[in-house]
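An overview of the molecular structure
Now for the letters of each chain:
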Number of protein chains: 2
Amino acid sequence: MDEPKIRNMEEFAAVSGISRPTVSKYFNDPGSVRQTTRNRIEQALERYDYRPNIYAMNQNRRLTKNIGIVVPYLADPFFAEIARNIETLVTEAGYRAILMSSHGKPQQEIDNLESLRSIRPAGVLLAPLGRASNRDALAAFCRDVPTVNFDCNVEGLGEAFVGHNNEQATELMVEYLVRTGEPPVFFEMRTPPNPNANKRRIAYVAAMERLGHAPEIVQIEGENWDFEGIGYREGARVISERALQSNTVFCSNDRLAIGFLAAAYELGLRVGRGEGCALRVAGHDNHPYSRYTCPTLTTVSHNYGLIAEKSVNTILSVIAAEDGGGERDMTLLDGELIMRASA
Amino acid sequence: MDEPKIRNMEEFAAVSGISRPTVSKYFNDPGSVRQTTRNRIEQALERYDYRPNIYAMNQNRRLTKNIGIVVPYLADPFFAEIARNIETLVTEAGYRAILMSSHGKPQQEIDNLESLRSIRPAGVLLAPLGRASNRDALAAFCRDVPTVNFDCNVEGLGEAFVGHNNEQATELMVEYLVRTGEPPVFFEMRTPPNPNANKRRIAYVAAMERLGHAPEIVQIEGENWDFEGIGYREGARVISERALQSNTVFCSNDRLAIGFLAAAYELGLRVGRGEGCALRVAGHDNHPYSRYTCPTLTTVSHNYGLIAEKSVNTILSVIAAEDGGGERDMTLLDGELIMRASA
DNA sequence: AGATCGTATTTACGCGCGTAAAGAAATGTC
DNA sequence: GACATTTCTTTACGCGCGTAAATACGATCT
């Protein structure tokens, strides 16, 4: 890096011996200029410290190089993990990732999208809150900005949906639990914030009936995203009231299961599949903390990597296609049984 | 909202009956125009859907309204929680928060700062990785951009530091543990990624000596940010090798403790302070998951709210002051003992 | 009523870059 | 070597807004 500070593309073009429009072309797509000129530019880039002004660029470009990522709750390591995967892929594709969390609040979700709208992103990857989401506002946003919906499906939202195959995954677990012990009861919130929960309940019922067992569902109260707290409180209640019709509990998600396990521990119930165990508990999601529960949690894993990859590829191709045309395609990725100690 | 789309500030100024420069002034600071003109602008704002182009604004403004937030590891709910607090305050102050995670990787930390630099933020709130950070690169960034360093102190970095009082907090816990049972051994990583760990070890030694006990430190191997995994693996080793000189273990942080508790559970050790318990385990941080461990984790809490508040206030005043002048001031916020079941 | 002060308006320029058009130069083809 | 083709240069304009300077206006005060 030399001393003379480069102030703008004009000056940089001068020192690299190339015209400004060509330099501009290079920055928009390095492959669009001849190899020899590209070399000259890149040599100059090593000698001088210059980067195009991002605001001036985006002001005039029809499409920015920004991709928004909106998740419902970043303090949940599950979403943090998916977001991390997506962010990496987005960056590798040469885009700038803007990560936003709705913190479980519908208004924040709207605000995030409005904020994104003002930076004119090329595309957005959106994991909606679900039940609490303002559908109309989301739909209005998706009409204006290319959007791929992931994790939590909202009918008709965005150009595509990429998510977890709740049916397959639930069936996998039910089958396993039935095969290895008492048929499970299903433990969930009465009004889950996320529609995945509904899919899982329905799949549970279907799987149980298919296997010739009567489905039993325990629906607990709780309104917010403090799933562990809800699982703990209601788990303790359900256990002490002996409201469980089976010694096997299939929680709608790992966070509820984490709370449930804490409650079981506190009440002195031994959880696991060996003798001497009073209860089997299973979860769903393969949450980052599920391997450190006591006992470690048997669960069904999302395919984190593939969900991220497919989501990013989809939004990139939508951006490249420039039209919102075509069907809204849906991709469901299969889950995998993670056998640990709790069931 | 009426039909005629407003395309720019010129048109908006026309329909609101105010000159464009005055409208510009309004958007930069609504309080800087007369009440009557302000009313007229805000009336027009309700009738027409207009927002200034963010890129054109930032291109010319000397200072943008962006504030960067960089944390070492967002998949850690501890940082997610602090980030959430900070983000909220930044937004309330009328700034746009740009949240970035270094994912535990020094190169990513540099990349984040470089990326931030290109959007010319008014200020940055930086929680560095710590030991692995590239000090020179961070320092170079802080020379150019007003920065407040938080959580993990790097000597001389930024205009100020806001963080947790590790000395006070550690002493609090040591005193409690000594008072209620056997003096604790200190369980930590030999080469912790974060300098807070060093402060805690030193404070532990000092507190033990002050109370007339010989400090005992167990240093375990492990290089990355998978603290639970390290605590689990090494906790299991230490327990089975009977390498602990006390029945009381004070873990350097909650994530290690979470792993340790999982190991103890698996090995059949009962943790807690009642009779029949083989071990007491304490942590440090009041990690969001520490209330759901088995048993629930006794720990020392950060003052999340105050750390966020003080950090944001500091960066705002640095931005307002426009100079990097003055001392680098340090704020340490006291921790609070969180008594739960594990110790 | 005139003087005074705080605001608003008018005019004008600049920011750094995208992009279009026309012509020049380099490259590839036979 | 002549030609077609690709790529670069030159020139020029526009994007939407910040901001400065000079001027005009209105409210307030004496």
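Residues numbered from 1 in each chain as written. Chains lettered and ligands numbered in written order. Predicted model: local features only at pLDDT ≥ 70, side-chain atom pairs only at ≥ 80, totals over all residues. Heavy atoms only, no water.

Some words on the protein's contact with DNA strand D
- In the neighbourhood of DNA strand D, 26 residues make up the surrounding shell, with T37 and N60 of chain A together with M9, S24 and Y50 of chain B lying closest.
- For DNA strand D, a phosphate oxygen lies 2.8 Å from a polar atom in the backbone of R34 of chain A.
- Taking Q59 of chain B, its side chain carries an N or O atom lying 3.4 Å from a base nitrogen of DNA strand D.
- Looking at the surface near DNA strand D, the elements with two or more residues in it are helix 2 (20-28) and helix 4 (54-60) of chain A together with helix 2 (20-28) and helix 4 (54-60) of chain B.
- Taken together, the residues that form the surface near DNA strand D break down as nine nonpolar, twelve polar and five charged. (Near = heavy atom within 4 Å. Polar contact = N/O pair within 3.5 Å; in protein donor to acceptor, adjacent residues only side chain to side chain. Helix = DSSP H or I, 4+ residues; strand = E, 2+ residues; numbered from the N terminus. Nonpolar A, V, L, I, M, F, W, Y, C, P; charged D, E, K, R; others polar.)

What about the domain arrangement of chain A?
- Split into domains, chain A comes out as domain 1 (9-52), domain 2 (66-164 + 305-334) and domain 3 (166-301).
- Domain 1 of chain A and domain 2 of chain A are separated by 34 Å when their C-alpha centres are compared. (Domains from an automatic or database assignment.)

Description of the interface of chain A and chain B
- Opposite the 41 residues of chain A that make contact, chain B presents 41 residues.
- Interface area for chain A against chain B, summed over the two sides, is near 3800 Å², with a carbon-plus-sulfur share of 56%.
- On the surface where chain A and chain B come into contact, there are two salt bridges.
- Two residues, R51 of chain B and E114 of chain A, come together in a salt bridge whose shortest N-O distance is 3.8 Å.
- For the interface between chain A and chain B, the tally reads 16 residue pairs in polar contact (both at pLDDT 80 or more).
- Of all the secondary-structure elements, those providing two or more residues to the side of chain A that touches chain B are helix 4, helix 5 (77-92), strand 2 (96-101), helix 6 (106-118), helix 10 (227-240) and helix 11 (254-266) of chain A.
- Among the elements that take part in the side of chain A that touches chain B, helix 11 of chain A stands out by supplying six residues, more than any other.
- A class-by-class count of the residues in the side of chain A that touches chain B yields 19 nonpolar, twelve polar and ten charged. (Contact = heavy atoms within 4.5 Å. Buried area = accessible area lost by both parts, 1.4 Å probe. Salt bridge = Lys/Arg side-chain N within 4 Å of Asp/Glu carboxyl O.)

Digging into the nonpolar core
- Counting 101 residues, the largest nonpolar core has L125 and V281 of chain A together with L125 and V281 of chain B as the members making the most contacts within it.
- Ignoring sequence-local partners within four residues, the contact set of L125 of chain A consists of I67, G68, I69, V70, I86, V90, V148, F150, S311, V312 and I315 of chain A.
- In this structure, Y55, L113 and L126 of chain A together with C142 of chain B belong to the second largest nonpolar core, which totals 32 residues. (Core = buried A, V, L, I, M, F, W, Y, C linked by side-chain atoms within 4.5 Å. Buried < 20%, exposed > 50% of the residue type's maximum accessible area, 1.4 Å probe, protein only.)

A few points about the packing of helix 1 (residues 9-16) of chain A against helix 2 of chain A
All names here are of chain A.
- Across the interface, helix 1 lies against helix 2 with an axial gap of 9 Å and an inter-helix angle of 100 degrees. Here helix 1 lies roughly perpendicular to helix 2, going by the angle between them. Across the interface between the two elements, M9, E10, F12, A13 and S16 of helix 1 pack against R20, V23, S24 and F27 of helix 2.
- For the contact of helix 1 with helix 2, the residue count by class is five nonpolar, two polar and two charged. (Axes fitted to C-alpha atoms, helices over the stretch in contact; angles between N-to-C directions. Parallel < 35°, antiparallel > 145°, perpendicular 65-115°, else oblique.)

Comments concerning the state of the cysteines
- Applying the stated rule across the entire model yields zero disulfides over all chains.
- Free of any disulfide, C152 of chain A has its nearest neighbouring cysteine sulfur in C142 of chain A, separated by 12 Å.
- Overall, the relative accessible area of 0% leaves C152 of chain A in the buried class.
- In this structure C251 of chain A is a free cysteine whose sulfur lies 13 Å from that of C294 of chain B, the closest cysteine sulfur available. (Disulfide = S-S within 2.5 Å.)

What to know about the pattern of salt bridges
- One pass over the full model with this rule turns up 34 salt bridges over all chains.
- Across the pair R201 of chain A and E188 of chain A runs a salt bridge, and its minimum N-O distance is 2.8 Å. Of this pair, R201 of chain A sits in helix 9 (residues 196-210) while E188 of chain A is found in strand 6 (residues 185-189), placing the two residues 13 residues apart along the sequence.
- The partner of R131 of chain B in a salt bridge is E223 of chain B, with the nearest N and O atoms 3.9 Å apart. Taken together, the residues span a long stretch of sequence, with R131 of chain B in the loop between strand 3 (123-126) and helix 7 (135-144) and E223 of chain B in the loop between strand 7 (217-220) and helix 10 (227-240) at a distance of 92 residues.
- Of the residues examined, R131 of chain B reaches a relative accessible area of 47% and is grouped as partly exposed.
- Through salt bridges that share partners, R51 of chain A together with E114, R117 and D144 of chain B make up one connected network.

Quick notes on the relation of the copies chain A and chain B
- The two copies are related by a screw motion: chain A maps onto chain B through a turn of 180 degrees and a shift of 0.0 Å along the axis, at an RMSD of 0.1 Å. Here the two chains are linked by the operation of a two-fold rotation axis. Rotation axis and chain A: the residue whose C-alpha lies nearest the axis is Y55 of chain A, separated from it by 2.3 Å. (Least-squares fit on C-alpha atoms with pLDDT ≥ 70 in both.)

Some points on the packing of helix 2 of chain A against helix 3 (residues 35-47) of chain A
Residues and elements named next belong to chain A.
- It is the contact of helix 2 with helix 3, at a shortest axis distance of 11 Å, that shows an interaxial angle of 85 degrees. Classified by the angle their axes make, helix 2 and helix 3 are roughly perpendicular. Along its contact with helix 2, which presents V23, Y26 and F27, the element helix 3 presents R38, I41, E42 and L45.
- Of the residues assigned to the contact of helix 2 with helix 3, the class counts are five nonpolar, no polar and two charged.

So, the sheet that holds strand 6 of chain A
All names here are of chain A.
- Strand order in the open sheet formed by four strands is 7-6-8-9, with parallel pairing between adjacent strands. Only two strands of the sheet have a single neighbouring strand rather than two, namely strand 7 (217-220) and strand 9 (280-282). Geometrically, the sheet is characterised by an average inter-axis angle of 25 degrees between neighbouring strands, direction not taken into account.
- Here helix 9 sits on the sheet and contacts strand 6, strand 7 and strand 8 (248-251); the angle it forms with strand 6, its principal contact strand, is near 165 degrees. (Pairing = 2+ DSSP bridges.)

Notes on the sheet that holds strand 4 (residues 147-150) of chain B
All names here are of chain B.
- The parallel open sheet is built from six strands, whose spatial order is 2-1-3-4-5-11. The open sheet has two edge strands with one neighbour each: strand 2 (96-101) and strand 11 (329-333). Mean inter-strand twist for the sheet, computed between neighbouring axes without regard to direction, equals 15 degrees.
- As judged from the three bridges shared by strand 4 and strand 5 (residues 160-164), these two strands associate in the parallel manner. Among the inter-strand pairings, N149 is bridged to a residue of strand 5, identified as F161.

Details of the protein's contact with DNA strand C
- Around DNA strand C, 26 residues are found, and the nearest of them are M9, S24 and Y50 of chain A together with R34 and N60 of chain B.
- Sugar and phosphate atoms constitute 64% of the interface atoms of DNA strand C, taking the interface as everything within 4 Å of the protein.
- Here R20 of chain A contributes a side-chain N or O atom positioned 2.9 Å from a base oxygen of DNA strand C.
- A distance of 2.5 Å separates a phosphate oxygen of DNA strand C from a polar atom in the backbone of R34 of chain B.
- Elements supplying a minimum of two residues to the surface near DNA strand C: helix 2 and helix 4 of chain A together with helix 2 and helix 4 of chain B.
- For the surface near DNA strand C, a count of residues per class yields nine nonpolar, twelve polar and five charged.

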